[in-house]
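Summary of structural features
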Amino acid sequence: MSKGLILVTGAAGFIGSHVVRELLAVGRKVRATAREPRKANFLRDLPIKEGGSLEIIRMELLEHESVAVAVKGCEDIIHCAAALYVGAMDLQKDVVDPSIKGTENLVAAINANDSVKRIVHTSSVAAVRRTDFTDGETFSNQDWCDDAVLKTNAYGLAKAGAEKLIREWWGELDAERKPRLVTIHPSIVIGPIMAKRHLKGSMAYVDHLLKRKPPFVLNSHINMVDVRDVAAAHVKALDMGIVGGRYIVHSGSLWHREMSVILSRGIPERKWPKRQLPKSLTYIVSLFHPLISWNWVKKNIGTTCYYDTKQTEEELEMKWIPMSKSIVDGAASV
C-alpha cells in the first residue's frame with residue numbers, strides 16, 4: 001500500500017466521506033477537500049490507523065488556483081467532487097459546469113504536477129445508460145450515454161462529458177507521464193449517512209419514506225448500491241482492475257414499494273407509506289414537488305433497466321452488501 005499523500009475531492013459529500021473513512025482505516029495520509037471546510041469537520045471524528053493523517057482544505061472546482069493547490073504534492077487522486085442534480089435551478093451552471101469545467105481544472109493541475117501516479121474518477125451509471133432506453137434493457141461498461149441534452153438529461157450530459165474529457169486527456173499523454181486511471185460508475189447510492197447534508201442526494205429516496213412527505217410510494221424501480229461498497233471500490237481501484245477500466249458498482253434493483261416493505265420489517269416501530277401513486281397523479285405531483293420533475297416522471301415511472309457488474313465483481317473482487325441491509329442501515333442513521 002502506498003504511503004504517499006492522497007487527495008479526495010468532494011470529501012464532505014456522501015461518497016467522498018466514506019472514501020475518506022476507508023482510506024484512514026488503512027493508514028493513508030488524506031488531503032480532503034470541501035467547498036466549505038467547516039462542513040467537513042465531521043470527518044475529524046473518523047478513526048485513523050497508525051501512519052494515517054487527515055488534512056481538510058478548501059477547494060472550489062471552478063477556481064483553477066484552488067484546484068492546483070489541492071493537487072500539489074499528491075501521489076494519488078480520488079475525484080469524487082460533483083454537483084447534485086436534485087434541486088438544481090440552473091442546470092448548466094449548477095450541474096454541467098462543475099463537472100466539465102471542474103474536470104478541466106483538475107487535469108490542468110495534474111499536468112503541472114509530476115507527482116500524480118494514480119487517479120480514480122467518480123463517474124456514474126448516468127454516463128453509461130442512454131437517456132432513451134428500452135424498458136428492461138441491460139447496460140454494461142461498454143455503453144455510453146451519448147444522447148443526453150441539457151433539457152432532458154443534464155446529469156447524464158455532465159457525467160458522460162466529464163468522463164470523456166478526462167479519458168481524452170489521459171489518452172493523449174506520453175506513456176512515461178501517464179498515470180493509472182480508472183473510473184467508477186455507481187447506480188443510486190444508499191446506506192448510512194455521516195451528515196444531514198447527505199440526505200439531499202440519492203438518499204432522498206429513503207428520506208422520503210422516513211418523512212412520509214408525500215405519504216405514498218412511487219411506481220419507481222430503483223437501481224442501487226451501498227455507499228460502503230462504492231467507497232471500497234474506489235480504494236480497490238487504486239491498485240486493482242485494468243488500467244483505463246470502467247467499473248459499474250451496482251448491487252441490485254427494487255421498486256419503491258419493496259423498499260418500504262423492507263423498512264417496515266427492519267424498523268417496525270416507525271410507520272412507512274405503502275400506497276402507490278398512479279403515474280397520472282405523479283405527473284400532477286411533479287408540478288408542485290421540488291424533487292420530482294415532469295421529465296423524470298415520464299422517463300422513470302413504471303420503467304426499469306439493469307446493469308452488468310460481472311467485470312467489477314471479478315476484477316475488483318466486489319461482494320455486494322445486501323440491499324435490505326443498505327436500506328435499513330441508511331434509515332437508522334438518519
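Check the entry above for the structure.
Scope of this entry: the structure provided in the associated data block. A quick note: this is a predicted structure, and the numbers were derived from the prediction, not measured.

Overview of the environment of I284
- Assignment of secondary structure puts I284 in helix α8 (residues 279–286).
- For the pair I284 and W294, spaced 10 residues apart in sequence, the C-alpha separation works out to 8.5 Å.

What to know about the packing of helix α2 (residues 64–71) against helix α3 (residues 91–111)
- α3 packs onto α2 with a crossing angle of 50° between their chain directions and a minimal axis gap of 9 Å. Regarding the angle of α2 to α3, the classification is oblique. Relative to α3, the crossing made by α2 is right-handed. On α3, the residues that touch H64, V67, A68 and V71 of α2 are N105, L106, A108, A109 and I110.
- Broken down by class, the residue content of the contact of α2 with α3 amounts to seven nonpolar, two polar and no charged.

Things to note about the side chain of H221
- When you line up the elements, H221 lands in strand β10 (residues 221–226).
- Residues in contact with H221, not counting those within four places in the same chain, are S253, L254, W255, T303, T304 and Y306.

What about the nonpolar core?
- The biggest cluster of nonpolar side chains holds 69 residues, and the ones touching the most others in it are V20, L23, V30, L43, I184 and M259.
- Examining the composition of this core, we find that six residues originate from one element, helix α1 (residues 14–25), more than from any other.
- With residues near it in sequence (within four places) discarded, M259 still touches Y205, V206, L209, I222, M224, L254 and I327.
- Membership of the second largest hydrophobic core comes to 28 residues, among which are I57, L61, I100 and A158.

Considerations on the sheet that holds strand β4 (residues 76–79)
- The parallel open sheet is built from seven strands, whose spatial order is β3-β2-β1-β4-β5-β7-β11. Edge positions in the open sheet fall to β3 (53–58) and β11 (246–249), since each of these has one partner strand only. Across the sheet, the mean angle separating the axes of adjacent strands is 20° when strand polarity is ignored.
- Most of the contacts of α3 go to β4, to which it runs at about 180°, and overall it touches β4 and β5 (118–122).
- Where helix α6 (residues 227–236) meets the sheet, its contacts fall on β4, β5, β7 (180–186) and β11, and the angle it forms with β7 comes to roughly 170°.

Re helix α7 (residues 256–266)
- Among the residues of α7, H256, M259, S260, I262 and L263 are the ones counted as buried. Here the buried residues of α7 occupy an arc of 160° about the axis, which is enough to place them on one side.
- Of the surrounding secondary structure, the elements contacted by the buried residues of α7 are α5 (204–211), β9 (217–218), β10, β12 (252–255) and α11 (323–332).

Re the pattern of salt bridges
- Taken as a whole and judged by the stated rule, the model has 17 salt bridges.
- The salt bridge involving R130 is made with E137; its shortest N-O contact spans 2.4 Å.
- R130 gets classed as partly exposed once you look at its relative accessible area, which sits at 24%.

Some words on the pairing of β7
- The element β7 is extensively covered by neighbouring structure, given that seven of its seven residues are classed as buried.
- Because side chains alternate across β7, one face comprises the buried residues R180, V182, I184 and P186, and the other comprises L181, T183 and H185, equally buried.
- Of the strand pairs in this sheet, β5 and β7 are connected by five bridges, and their pairing is parallel. Pairing of V120 across the sheet is with V182, part of β7.
- Here β7 pairs with β11 via four bridges, running parallel. Bridge assignment links I184 to a residue of β11, and that residue is Y247.

Describing the packing of α7 against α11
- Look at α7 against α11: their axes get within 9 Å of each other, and the N-to-C directions meet at 65°. With respect to each other, α7 and α11 are oriented roughly perpendicular. For the crossing formed where α7 meets α11, the hand is right-handed. Contact with α7, carried on its side by M259, I262, L263 and G266, involves S324, I327, V328 and A331 of α11 and no other residues of that element.
- Taken together, the residues of the contact of α7 with α11 sort by class into six nonpolar, two polar and no charged.

Calculation notes
Residues numbered from 1 in each chain as written. Predicted model: local features only at pLDDT ≥ 70, side-chain atom pairs only at ≥ 80, totals over all residues. Heavy atoms only, no water. Helix = DSSP H or I, 4+ residues; strand = E, 2+ residues; numbered from the N terminus. Axes fitted to C-alpha atoms, helices over the stretch in contact; angles between N-to-C directions. Parallel < 35°, antiparallel > 145°, perpendicular 65-115°, else oblique. Left-handed = near helix turned anticlockwise from the far one by under 90°. Contact = heavy atoms within 4.5 Å. Nonpolar A, V, L, I, M, F, W, Y, C, P; charged D, E, K, R; others polar. Core = buried A, V, L, I, M, F, W, Y, C linked by side-chain atoms within 4.5 Å. Buried < 20%, exposed > 50% of the residue type's maximum accessible area, 1.4 Å probe, protein only. Pairing = 2+ DSSP bridges. Arc of directions from axis to C-beta. Salt bridge = Lys/Arg side-chain N within 4 Å of Asp/Glu carboxyl O.

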